[in-house]
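# Observations on chain architecture
Residues per chain, in single letters:
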Amino acid sequence: QTQLVESGGGLVQPGGSLRLSCAASEFALGTSAIGWFRQAPGKEREGVACISGTTGYRNYLVSVEGRFTISRDNAKNTVFLQMNSLQVEDTAVYYCARFYYRTGSAWCTRTETDYGDWGQGTQVTVSS
């Protein structure tokens, strides 16, 4: 009975920016930790960032820290991923998902197996 929908992907030049959105259509995000993941061609899916439900805790993949920012607007029932200084290596399908555990109100992981209710993904392509 839960569903997440990603949007905001597209084609951007190296050094450019994109803002991804993850919107909940069937539940409120207010107490849920949400994670962003990505899967590039030929690579395994990796956790990019997560944000806790209520405390503001954030956890970033080292390679994106300082370039990407995860945030949430509970009034809009949406989690965002602002991506700046994009690199070719950031090219991937980006997914959002909900952290399984109630502790997600306070903290979160970037571990794929801790998440469910996956969205359909949005393609990000960084190319000149």
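Here, the structure is the one placed above.
This report concerns the structure included in the present document. The model shown is predicted, which means the values in this text are computed figures rather than measured ones. (Residues numbered from 1 in each chain as written. Predicted model: local features only at pLDDT ≥ 70, side-chain atom pairs only at ≥ 80, totals over all residues. Heavy atoms only, no water.)

Each helix and strand in the protein was counted, giving zero helices and eleven strands. In the protein, the order of α-helices and β-strands from amino to carboxyl end is β-β-β-β-β-β-β-β-β-β-β. Taken against the 2.2 N^0.38 rule, which gives 14 Å for 128 residues, the C-alpha radius of gyration of the protein at 13 Å falls within 12% of a compact globule. Taken along the three principal axes of its C-alpha coordinates, the protein extends 40 × 25 × 25 Å. Across the protein, contacts joining residues at least 24 apart in sequence account for 60% of those joining residues at least 6 apart. (Helix = DSSP H or I, 4+ residues; strand = E, 2+ residues; numbered from the N terminus. Rg over C-alpha atoms; globule rule 2.2 N^0.38 Å. Contact = heavy atoms within 4.5 Å.)

This part is about the environment of Leu81. Relative to the helices and strands, Leu81 resides in strand E8 (residues 78-83). Judged by relative accessible area, Leu81 falls into the buried class, the value being 0%. A sequence separation of 23 residues divides Leu81 from Gly104, and the C-alpha atoms of the two residues are 18 Å apart. With near-sequence residues (within four places) excluded, Leu81 lies in contact with Leu18, Arg19, Leu20, Trp36, Val48, Ala49, Phe68, Thr69, Ile70 and Tyr94. (Buried < 20%, exposed > 50% of the residue type's maximum accessible area, 1.4 Å probe, protein only.)

The next point concerns the side chain of Thr78. As for its placement among the helices and strands, Thr78 is situated in strand E8. Looking at Thr78, its side chain comes within polar contact range of the main-chain oxygen of Lys76, at 2.8 Å. For Thr78, the residues in contact, after removing those within four places along its chain, are Ser21, Cys22, Ala23, Leu29, Arg72 and Asp73. (Polar contact = N/O pair within 3.5 Å; in protein donor to acceptor, adjacent residues only side chain to side chain.)

A separate point is the side chain of Arg72. Its place among the elements puts Arg72 in strand E7 (residues 68-73). Of the side chains with opposite charge, Asp73 comes closest to the buried, unpaired Arg72, at an N-O distance of 8.5 Å. Among the polar contacts listed, one links the side chain of Arg72 to the backbone oxygen of Ser32, at a separation of 2.9 Å. Separated by 2.6 Å, the side chain of Arg72 and the backbone oxygen of Ser52 make a polar contact. With near-sequence residues (within four places) excluded, Arg72 lies in contact with Leu29, Gly30, Ser32, Ala33, Ile51, Ser52, Gly53, Thr78 and Val79. (Lys, Arg positive; Asp, Glu negative; His and termini not counted. Salt bridge = Lys/Arg side-chain N within 4 Å of Asp/Glu carboxyl O.)

Right, let's get into the sheet that holds strand E1 (residues 4-7). Reading across the sheet, the four strands line up as E1-E3-E8-E7 and stay open at both edges, with antiparallel pairing between neighbours. Lying at the two open borders of the sheet, with one neighbouring strand each, are E1 and E7. On average, adjacent strands in this sheet sit at an angle of 15 degrees to one another, irrespective of strand direction. Here strand E3 (residues 18-24) runs beside E8; their pairing, made up of six bridges, is antiparallel. (Pairing = 2+ DSSP bridges. Axes fitted to C-alpha atoms, helices over the stretch in contact; angles between N-to-C directions.)

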